[in-house]
Amino acid sequence: MSTLAPSSMARRATAEPIPVPAAAVTTASRHICSICGYVYDPVLGDPEHDVPAGTAFEDLPADWTCPVCGAGKDQFEPEG
């Protein structure tokens, strides 16, 4: 039986985060920009703006804006 050295454990703690499988995002809904029609899909996230896949709309940073027209989160409505 092998044990990890403390330095190995530290490296594991700082490793890249594990991506969230699309199937894990079940309760989050897509939101549509009322200005330009862009659809924020939590399954995809917004990788161009460092928002990882699996991020619910409600969990986006307060200053996140529509990547197409720049509208604030208050201009988005749940799809459906």
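Attention here is on the structure that accompanies the text. On a predicted model such as this, the values are computed, not experimentally measured, just so you know.

Okay, the state of the cysteines next. Considering all chains together, one arrives at 0 disulfides under this definition. Here C33 is not cross-linked by a disulfide; its sulfur's nearest cysteine counterpart is in C69, at 3.7 Å.

A sheet is described by the order of its strands in space; here 3 strands give the open sequence β2-β1-β3, paired in antiparallel fashion. Only two strands of the sheet have a single neighbouring strand rather than two, namely β2 (39–40) and β3 (76–78). Relative to β2, strand β1 (residues 31–33) runs antiparallel, the two sharing 2 bridges. Its bridge partner being in β2, H31 is matched across the sheet by Y40.

What counts as what
Residues numbered from 1 in each chain as written. Predicted model: local features only at pLDDT ≥ 70, side-chain atom pairs only at ≥ 80, totals over all residues. Heavy atoms only, no water. Disulfide = S-S within 2.5 Å. Pairing = 2+ DSSP bridges. Helix = DSSP H or I, 4+ residues; strand = E, 2+ residues; numbered from the N terminus.

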